[in-house]
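# Observations on chain architecture
Listed below, chain by chain, are the residues.
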Amino acid sequence: YWYDSSSATTPFAKGDSITENLSATTTYYAACTSGITFDSLSTTFSGTAAKFVGNMFNVMAKNDVTIDSFDVDFATKTNDTVYVYYKPGTYSGYQTKSSAWTYVGKYFVKPASALAPARAVIGGFSLSGGNLYGFYVTRKAGSSITTLGFAEKNSSTDSSANSDLVIRSGDALIGFFASATSSYYWNGRIYYSAPGCLSPMAAITGTVKPVVKSLALSKDKTSSGAFNLGTSSSPDKICVKDTLKYD
């Protein structure tokens, strides 16, 4: 991770090296992480609203994380395919605008029983710390009789949080990107990985040396070959095997 000051908390770049166009000598600060931690964040799994096939909700990333997979909650013990979409910023205002969303993937889920957490291995995308994202977890309307479980929103189930993520309640949808109803909270769990411990910052300085704007040349006694001051129409020429030394 690369930072522009020793007190910065948000990196401007990631990777083993960076390439910057510098106009003056500049000091950057680099830190690395050791290992990767794996964690998850669950909602309450406290209820079901059987007529809905999908749910949109917001996820606030407190730290950089990579999403691995999801637990979903089927209202019936029926195998079905789950689809996941996401977008930067809130889902609100984009419930029926499919072009605003990025498709992540799909997974055929086989729940052990009705209303039991069932794993959907859909992930491999990253969230940047300090940013809000909209999520859409759904099945496609009409693909089967399966519906996803939701709890009605109230003060005790409105959000779930840990040190990395906050899941905030959203809308349940009857159709695919259609017929949204507010005040419903997703029943599910998000599995993710996060960078491990951050090392102390190390200062890395890029030095910019002044450009020589004018240069007077004189031939050294040990030099051989032709030498003249040169002009734009007749420049100095250094030929193969010439040995030149300038003071």
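Worth saying up front: this structure is predicted, and the values here are computed from it rather than measured.

### Examining the overall build of the chain
- If you tally the helices and strands in the chain, you get 0 helices and 16 strands.
- Taking all 247 residues of the chain together, 37% fall into the buried category.
- Contacts in the chain between residues at least 24 apart in sequence constitute 78% of all its contacts with a sequence separation of at least 6.
- Total accessible area on the chain stands at roughly 13,800 Å², and carbon and sulfur atoms take up 52% of it.

### Some points on the side chain of R139
- Here R139 lies in the loop between β10 (131-138) and β11 (150-152).
- Within the structure, the side chain of R139 is placed 2.8 Å from the side chain of D80, a separation counted as a polar contact.

### Focus: unusual backbone geometry
- A positive phi angle, near 55°, is found at F177, a position not held by glycine.
- Tracing the backbone through its elements, the reader meets F177 in the loop between β13 (165-175) and β14 (178-186).
- Here the phi dihedral of S179 falls at roughly 55°; this positive angle occurs in a residue that is not glycine.
- Positionally, S179 belongs in strand β14.

### Thoughts on the pattern of salt bridges
- Per the stated rule, a full pass over the model turns up 3 salt bridges.
- The salt bridge partner of D68 is R119, with a shortest N-O separation of 3.6 Å. A residue pair is termed long-range when its members are at least 10 positions apart, and D68 in strand β5 (residues 65-73) and R119 in strand β8 (residues 117-120) qualify at 51 residues.
- D80 is the salt-bridge partner of R139, the closest N and O atoms lying 2.8 Å from each other. Taken together, the residues R139 in the loop between β10 and β11 and D80 in strand β6 (residues 80-88) connect sequence positions 59 residues apart. Like R139, the residue D80 is buried in the burial classification.

Calculation rules
Residues numbered from 1 in each chain as written. Predicted model: local features only at pLDDT ≥ 70, side-chain atom pairs only at ≥ 80, totals over all residues. Heavy atoms only, no water. Helix = DSSP H or I, 4+ residues; strand = E, 2+ residues; numbered from the N terminus. Buried < 20%, exposed > 50% of the residue type's maximum accessible area, 1.4 Å probe, protein only. Contact = heavy atoms within 4.5 Å. Areas by Shrake-Rupley, 256 points an atom, 1.4 Å probe, with all protein chains shown as cover. Polar contact = N/O pair within 3.5 Å; in protein donor to acceptor, adjacent residues only side chain to side chain. Salt bridge = Lys/Arg side-chain N within 4 Å of Asp/Glu carboxyl O.

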